[in-house]
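Descriptive analysis of the structure
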Amino acid sequence: MKILIVAATKLEIEPSIQFLKSHFSAAGDNEYINKEISINVLITGVGMVATAFQLGKYLANRQFDLVVNAGIAGAFQPSLAIGEVVQINCETFYELGAEDKDGSFLSIFDLSLIGKDDFPFINKKLINLTENAHLPKVTGLTVQKVHGSIESISKILVTSNPDVESMEGAAVFYSCLLSDVRFLQIRAISNYVEPRNRKNWDIPKAILHLNNFLITSFKEGFNIIEDGTGS
């Protein structure tokens, strides 16, 4: 099985990289092989533009059985615990469109620049039918800036009400759907989306739990199901 691990920063998956170096054989730059499993690692850089470009270029020249986007995320919902590992199965590009004269927002769908069900969108959303059999499923919002004020957070909860936010998720969905490759987005919760206070964040805990999941999956498989059927 050929797997591509995609992360915005090396920091987020450093423990997994060290595990691969110790337990797999190097087979080229950022490629590791162990028996029937081949794992490549791609660090894209932060944000939608860097992720879409780097991942799209990578997939244009290589074939994979599974792409796994791994990282940390902020949670809007208090039911999600700091350090909890989740999978995102629905993504949205936040505020991709135009501002109207009264200050209201018009999406690319409102502007008829693209139809709400034009591929790869389904009712204005990016949907992943591939999933891990065990992780909780949540909805994601992909943003240019992480949110940290009461006003902007309240607006998101009214208009979108997502579970988590990241700066890369929808770009991974878009690239993989257009490339027709199976994928997962796996993230660990590092903080709540609230008035910005880094003292309440626990990035080390999120990275620990994220990499524990990845390393276990390297050993035991990613337990993939597609649209309710085993695969």
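Everything below is about the structure shown above.
Let us look at the structure shown here.

What counts, and where the lines are drawn
- Residues numbered from 1 in each chain as written.
- Predicted model: local features only at pLDDT ≥ 70, side-chain atom pairs only at ≥ 80, totals over all residues.
- Heavy atoms only, no water.
- Phe/Tyr/Trp six-rings, centres within 6.5 Å; stacked < 30°, edge-to-face > 60°.
- Helix = DSSP H or I, 4+ residues; strand = E, 2+ residues; numbered from the N terminus.
- Buried < 20%, exposed > 50% of the residue type's maximum accessible area, 1.4 Å probe, protein only.
- Lys NZ or Arg CZ within 6 Å of the ring centre and 35° of its normal.
- 1 Å grid on protein atoms, 1.4 Å probe; cavity = no way out; pocket = protein on both sides within 12 Å on 5 of 7 lines; lining within 4 Å.
- Points joined across faces, edges and corners; volume = space filled by probe spheres on them.
- Nonpolar A, V, L, I, M, F, W, Y, C, P; charged D, E, K, R; others polar.
- Polar contact = N/O pair within 3.5 Å; in protein donor to acceptor, adjacent residues only side chain to side chain.
- Contact = heavy atoms within 4.5 Å.
- Patch = residues over 30% accessible without salt bridge, like charges linked within 9 Å, V, L, I, M, F, W, Y side chains within 5 Å.
- Areas by Shrake-Rupley, 256 points an atom, 1.4 Å probe, with all protein chains shown as cover.
- Salt bridge = Lys/Arg side-chain N within 4 Å of Asp/Glu carboxyl O.

**Notes on the packing of aromatic side chains**
Counted by the stated rule, this structure contains 10 aromatic pairs. Measuring from ring centre to ring centre gives 5.2 Å for F109 and F121, while their planes differ by 80°; the resulting arrangement is edge-to-face. In this pair, F109 sits in the loop between β8 (105-107) and β9 (121-122) while F121 sits in strand β9, placing the two residues 12 residues apart along the sequence. We note that F109, like F121, is buried. Ring centres 6.2 Å apart and planes at 65° place the aromatic pair F213 and F222 in the edge-to-face group. On the basis of relative accessibility, which here comes to 4%, the residue F222 falls in the buried class. When the ring centre of Y58 is taken as origin, the NZ or CZ atom of R62, which lies over that ring, is 3.9 Å away.

**Some remarks on helix α4 (residues 169-179)**
Of all 11 residues in α4, 8 are buried, a share of seventy percent or more. Taken together, the buried positions of α4 are occupied by G169, A170, A171, V172, F173, S175, C176 and L177. Following α4 by one or two positions, D180 has its phi on the positive side, about 55°.

**A look at the layout of surface pockets**
Using a probe with the size of a water molecule, rolled over the atoms, empty space left in the structure can be pinpointed. Taken as a whole, the largest pocket spans an internal volume of roughly 480 Å³. Contributions of two or more residues to the lining of the largest pocket are made by β6 (85-93), β8, β12 (137-142) and α3 (150-159). Per-class residue counts for the lining of the largest pocket are 10 nonpolar, 7 polar and 5 charged. Taken as a whole, the second largest pocket holds about 390 Å³ of empty space. Broken down by secondary-structure element, the contributors of at least two residues to the lining of the second largest pocket are α1 (10-23), β5 (66-75), β13 (164-166), β14 (183-192) and α5 (203-220). Classifying every residue of the lining of the second largest pocket by side-chain character gives 10 nonpolar, 5 polar and 6 charged.

**A word on empty space enclosed by the protein**
Applying the stated criterion to the full structure yields 1 cavity of 30 Å³ or more. Estimated volume of the largest cavity: approximately 50 Å³. V146, H147, E165, N191, Y192, V193, E194, R196 and W201 are the residues that line the largest cavity. When its residues are assigned to classes, the lining of the largest cavity shows 4 nonpolar, 2 polar and 3 charged.

**Some points on the side chain of N69**
Relative to the elements of secondary structure, N69 occurs in strand β5. Polar side-chain contacts of N69 include one of 3.1 Å to the backbone oxygen of V6. If near-sequence neighbours (up to four positions away) are discounted, N69 is found in contact with V6, A7, G169, V172, L184, Q185, I186 and R187.

**Points about a nonpolar patch on the surface**
A contiguous nonpolar patch, built from F119, Y174 and L178 and spanning about 320 Å² of accessible area, is present on the exposed surface. Following the sequence through the fold, Y174 ends up in helix α4. For Y174, a relative accessible area of 34% gives the class partly exposed.

**Observations concerning unusual backbone geometry**
One can expect most non-glycine residues to show negative phi and most peptide bonds to be in trans. Following F119, the chain continues into P120 via a peptide bond in cis, with omega recorded as 10°. By the secondary structure assignment, P120 is in the loop between β8 and β9. One non-glycine residue, N223, adopts positive backbone phi at about 50°. Within the element layout of this structure, N223 appears in the loop between α5 and β15 (224-226). Relative accessible area serves as the criterion here: at 36%, N223 is assigned to the partly exposed category.

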